[in-house]
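Coordinate inspection notes
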Amino acid sequence: MTMAHMKNPLATPDQIFHRSSLDSPPTELRDAIFFSTQCLTQAAGILLQLPQSVTAQANVLLARFWLIEPIMSHEFSDVSAATLYTVAKIGPCPCTPRDLSNVYAYLLSSSSTFLSPPGNNPPKNIPDDYYQSETSYQAFHSRILSLEHLILCSLSFDTTVSLPHPLAITYLQSMDFLYVPKEKITRRVVEYLNTALLSPQLLCLTTQPNGLAVAAIYNAAKDLGAKMPECEWWEVFDVDREDLGFLVVGMRSLEGWVGGMMGEEGVLGKKKRGGMITRKEVRDILGGDRPPQEEEEDPEVVMARRMDEKMREIEGDAA
Amino acid sequence: MASKAKSRWADDEEDALREAQLKREKEEKKRLKAEKARKLEAERKTREAAAAAQQEQPPQPQPQESPNGPPPKRRRVSPEQQETHNGAPPEEPTTTNLLRFTPGTISRSRSVENYDKLNDIEEGAYGWVSRARCLSTSKIVALKRLKTDPKDRSGLPVTGLREIQILRNSSHRNIVPLLEVVVSDSTTPLEPSIFLVLEFLEHDLKSILEDMPEPFLASEVKTLMLQLCSGVAYLHDNWILHRDLKTSNLLLNNRGQLKIADFGMSRYVGDPPPKLTQLVVTLWYRAPELLLGATTYGSAIDIWSVGCIFGELLAREPLLQGRNEVDELTRIFELCGLPSEESWPSFRRLPNARGLRLPNNPTPGSTNSRIRTKFPLLTSAGVGLFNGLLALDPERRPAAREVLEHEYFRQDPKPKQEAMFPTFPSKAGQERRRKRETPNAPVRGQKAADLGAVDFSGIFAGREKEERGGGFALRMV
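For every chain, the first residue of its written sequence is number 1, and the numbers climb from 1 along that sequence. Each chain gets a letter, beginning with A, and each ligand a number, beginning with 1, in the order they are written. In view of the model being predicted, local features appear only for residues whose pLDDT reaches at least 70, and side-chain atom pairs are presented and counted only at 80 or more, with totals across whole chains, interfaces and linings using the full set of residues. Based on all heavy atoms of the structure, the side-chain values leave hydrogens and waters out of the count.

Turning to the domain arrangement of chain A, a few remarks are in order. Residues and elements named next belong to chain A. Here the bounds of each domain stem from an automatic or database domain assignment. Splitting chain A by domain gives domain 1 (18–154) and domain 2 (165–262). Between the C-alpha centres of domain 1 and domain 2 the distance comes to 27 Å. When two components associate, each loses some accessible surface as probed by a 1.4 Å sphere; the sum of these losses over both components is called the buried area. For the pair domain 1 and domain 2, the summed buried surface comes to about 1300 Å²; carbon and sulfur atoms form 81% of the total. The largest share of the area that domain 1 buries against domain 2 comes from Asp31, Phe34 and Phe35, three residues that together contribute 37% of it. Just to be clear on terms, a salt bridge is a Lys or Arg side-chain nitrogen sitting within 4 Å of an Asp or Glu carboxyl oxygen. Applying the counting criterion to the domain 1 and domain 2 interface returns zero salt bridges.

Structure, rendered in structure tokens:
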């Protein structure tokens, strides 16, 4: 293992800040698009039987790409497909454009359950919905190829992604799995890490893998009531307390945030049938009855408020 | 602890610290009580424990790098603290020294217009290389343009993408550094031009060998081999197979520094090795197991190429210049001896080995290597190394790390200092194209040659006649 396998390029504060000025929809909508697209990549990865390591790398590349390129400049599902295609191609399990096209056609059709509200009945399977004509396949294929090139150029061809998962396992081993059943705690840790990929807080672009690994272990240990070493053990893994605190809250807050977004008042909850959000829908939301422009809140203030709320929640539980 | 699982983490930490402190004080009292009774015993134990702890803690800057076996916990916040503090508040955490990465940034590729093209150097199977100057820094670089085919419906060539990825992740003094990747300003995205900006080195070993009036001195060969093996060892340590090592891919600058280049065939591998294509490595440098159709192979194929390069450095010409796969195999067996149950137990199981007809009653010595007679000026350590690198059985070839420790490099003449290397007129620096006489690496997607039925029973017919002495050679140092 060299250093190249333990660190990632990170977003600069400037880049994070400028995301909102890149001709982008309001923050809430943008975050909803980000989350949906990352979920779409995950769903496609599963249907294409790609290892999670490949799909997770595609998630990170997509987040990096949207740091450089405006989110509205390409169809979200195409960007998802192109990142997955590129990562799979360089790695050990390439997928064919044909499989890719079929899987995305299915996930975007009304026959799939992708992001459908939990209460809904499973949709009827209508194969005609996701049948791909040769023309539409060719068009999809061409879009993927030109996006592949654009994505690589936008990232200076730096496709290496260091995932936190292997580090987390190593750390767990070194701590004897905190004396709880191996499978249980490892599973919980991996769940936290995979969830972090979907986070619109861009945890994977602002933190090195060791930080994510430690925070996931901390959270998993708390969830399982496992006993952690009584010292500043995170320092052994080169994470300081402040960063850890931020990450712990960031990882925990996602569930509540998604709940809100999928709820009746949330951006995704308003879509009756569920499914992947499209550029057209976003334009309709923005153009149609554009709600009176809210005062754009300082993202830091929003973040601080979210953290406070979360804290209160956790403390409330404990009391 | 479990009851507090839900409490706010910050409070929890302070609680934990306070608790830990109380516990420590208690333990301290207990310890003092028991101390008198067990004083000698305890002393002996602590001494032993300290020695054991020291053994268990090799100088490792990153705890992440010890995946095997749980290392002692709390390595930094070490247990000694408990004794030295005697219940005093623990040291301020600010004194802890955490490893910090300087993260790279996420940014767009720059335009090739930032470079001024000076002259072409060569055209290889995977791209064109030219010499160029960076407009902002005036630094001379090599620009390698990836060959792309807009009609290729699989998009950008995976070999090129792998090359970029591997070079980006590699950093070693004997690997050519990739400075950046730039693109042409072409507005049509389907006709991309992608350029690797590489450090410029004046020569490649192939051109030098062709033009040299006299061969490299033994001391120079040693320096070159050490640099080559150190680069290869780095690659293998990082799970990278180069798969196209040859003299034209080894660059040399005017300060005697060798760097491995052209990673168009290379890839990451794992353990157990994945199934790989046998269509790798330029024919003259291709290991026998590849010629016999092995699809699982490992770093030993690079070591074979290193052996061929060793021979080429000594003799100034490629060692095994086969005209085709069968001829290459013939030449290998002529040099290294016919494979036998003893020298290569598993070779019969390789796909292409079935068609081979080997002599029923091999003449004595036909399974022996002829390297000793072909290179009479080499010391026996040198011959030993040579035979090891070109062992027919891949299992018996040394690892690159082992080569670095070989006796040969410790013998006189000692390896020459890089700075003392002679300089050569640079072809790449002039307005001239390099000659290409080596065959190219195989192209992806080609059909692997099926050797068919090959009769090797006659290849040693006239061998005895060839045995001859070394003749005169005056330059040995």
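Still to come is the rest of the account.
The subject of this paragraph is the packing of aromatic side chains. Residue and element names in this part refer to chain A. Within 6.5 Å between ring centres, the rings of Phe, Tyr and Trp (the latter by its six-membered ring) count as paired, and their orientation is classed by plane angle as stacked under 30 degrees, edge-to-face over 60, tilted in between. One pass over the full model with this rule turns up 15 aromatic pairs over all chains. Ring plane angle 80° and centroid distance 5.8 Å describe the contact between Phe35 and Trp257, whose orientation is recorded as edge-to-face. Remark: Trp257 occurs in helix α11 (residues 241–262) and Phe35 occurs in helix α2 (residues 27–47); sequence separation between them is 222 residues. Their ring planes at 85° and their centres at 6.2 Å tell us that Trp66 and Phe76 sit as a pair that is edge-to-face. Secondary structure elements follow DSSP: runs of H or I of four or more residues count as helices, runs of E of two or more count as strands, with numbering from the N terminus.

Residue and element names in this part refer to chain B. Strand order in the open sheet made by the three strands is β7-β9-β10, with antiparallel pairing throughout. Here the strands that pair on one side only, and so sit at the sheet edges, are β7 (203–204) and β10 (258–260). Any two strands with at least two DSSP-identified bridges between them are counted as paired. When strand β9 (residues 250–252) meets β10, the two strands line up antiparallel, connected through three bridges. Within β10, the residue paired with Leu252 across the bridge is Leu258. Residues are treated as being in contact if the distance between any of their heavy atoms lies within 4.5 Å. Between the N-to-C directions of two axes lies an angle of 0 to 180 degrees, each axis being a line fitted to C-alpha atoms and, for a helix, fitted only over the stretch in contact. Along the sheet face, helix α5 (residues 218–237) touches β9 and β10 and points at about 35° away from the line of β10.

Residues and elements named next belong to chain B. Positionally, Ser266 belongs in the loop between β10 and β11 (267–268). Residue burial is assigned from relative accessible area. The probe radius is 1.4 Å, only protein chains are included, and a residue is buried under 20% of its type maximum, exposed over 50%, and partly exposed in between. The exposure class of Ser266 is buried, given its relative accessible area of 1%. At 2.7 Å, the side chain of Ser266 and the backbone oxygen of Phe263 are in polar contact. Not counting residues up to four positions away in its chain, the partners in contact with Ser266 are Arg162, Ile166, Ile240, Leu241 and His242. Between N or O atoms, a polar contact is any pair within 3.5 Å; within protein, one atom must be a potential hydrogen donor and the other a potential acceptor, and residues adjacent in sequence are included only when both atoms are from side chains.

What follows deals with the packing of helix α7 (residues 165–174) of chain A against helix α10 (residues 209–224) of chain A. Axes are the key here: two packed helices are described by the angle between their axes and the distance separating the axes. Residue and element names in this part refer to chain A. In the contact formed by α7 and α10, the axes pass within 8 Å of each other and the chain directions differ by 55°. With respect to each other, α7 and α10 are oriented oblique. Helix-helix and strand crossings are classified by hand; for α7 and α10 the assignment is right-handed. Taken together, the residues of α10 that come into contact with α7 (itself represented by Leu167, Ala168, Tyr171 and Leu172) are Pro209, Asn210, Ala213, Val214 and Ile217. Three classes are used: nonpolar for Ala, Val, Leu, Ile, Met, Phe, Trp, Tyr, Cys and Pro, charged for Asp, Glu, Lys and Arg, and polar for all others, with Gly counted as polar. Looking at the contact of α7 with α10 residue by residue, the class counts come to eight nonpolar, one polar and no charged. Geometric relationships in this document are graded by angle, where less than 35 degrees denotes roughly parallel, more than 145 denotes roughly antiparallel, 65 to 115 denotes roughly perpendicular, and other angles denote oblique. The hand of a helix crossing depends on one turn: near helix anticlockwise from the far one by less than a right angle means left-handed, and clockwise means right-handed.

This brings us to α7 of chain A. Residue and element names in this part refer to chain A. Of all ten residues in α7, seven are buried; the element is thus mostly enclosed. If you check which residues of α7 are buried, you get His165, Leu167, Ala168, Thr170, Tyr171, Leu172 and Ser174. Those residues of α7 hidden inside the fold are in contact with α8 (182–197) and α10. In the segment just after α7, Asp176 is the residue with positive phi, at about 55°.

Relative to the helices and strands, Lys275 of chain B resides in the loop between β11 and α6 (288–291). Sequence-wise, Lys275 of chain B and Gly298 of chain B are 23 residues apart; in three dimensions their C-alpha atoms are separated by 10 Å.

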